[in-house]
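A look at the structure
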Amino acid sequence: MKDSYRRKIGIEEEAENFLFISKIYLPMFPKKKFRINKDKKKFDCEIKAVLCSCVLPEHRHYHLYIKGIKFKKGRLAEIHLKGKSYSLSIK
Ligand SMILES: [Zn+2]
């Protein structure tokens, strides 16, 4: 199983404050709400499936919402999974 995910934050993610999670990385994440560590603090987060028709047929995109974190366009977000613990860094 994959244990790290990195993504450059896009304009839509900044506008709606989420991180897009590629479908192939979904198995890395819990199916329910979980917590992520950043700078020694814990943040509540959740992945939501969103219907999309950017290409047909209609399909789902997966958005990671983290309470208290601001996603800024152009920054690089990295999530690491170690044991059962998730950590986030944004560069
Ligand atoms: Zn789409």
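Now for a look at the structure at hand. What you see is a predicted model; the values in this text were computed from it and never measured.

Moving on, we get to the overall build of the protein chain. Regarding its fold elements, the protein chain presents one helix and seven strands. By the compact-globule yardstick of 12 Å for 91 residues, the protein chain fits well, its C-alpha radius of gyration being 13 Å. Considering only C-alpha atoms, the protein chain reaches an extent of 40 × 25 × 20 Å along its principal axes. Here the protein chain, with 91 residues, has 16% of them falling under the buried criterion. A sequence separation of at least 24 residues applies to 53% of the contacts in the protein chain between residues at least 6 apart.

A separate point is unusual backbone geometry. With an omega of 0 degrees, the peptide bond running from Leu56 to Pro57 counts as cis. Within the secondary structure, Pro57 sits in the loop between strand S4 (41–52) and strand S5 (59–66). The phi torsion at Asp39 lies on the positive side, around 50 degrees, for a residue other than glycine. The class of Asp39 is exposed, set by 9 C-beta atoms lying within 10 Å. Here Lys40, not a glycine, exhibits a phi torsion of approximately 65 degrees, which is positive. Residue position: Lys40 is located in the loop between strand S3 (34–38) and S4.

The rules behind each value
- Residues numbered from 1 in each chain as written.
- Predicted model: local features only at pLDDT ≥ 70, side-chain atom pairs only at ≥ 80, totals over all residues.
- Helix = DSSP H or I, 4+ residues; strand = E, 2+ residues; numbered from the N terminus.
- Rg over C-alpha atoms; globule rule 2.2 N^0.38 Å.
- Buried ≥ 20, exposed ≤ 12 C-beta atoms within 10 Å, placed from the backbone.
- Contact = placed C-beta atoms within 7 Å.

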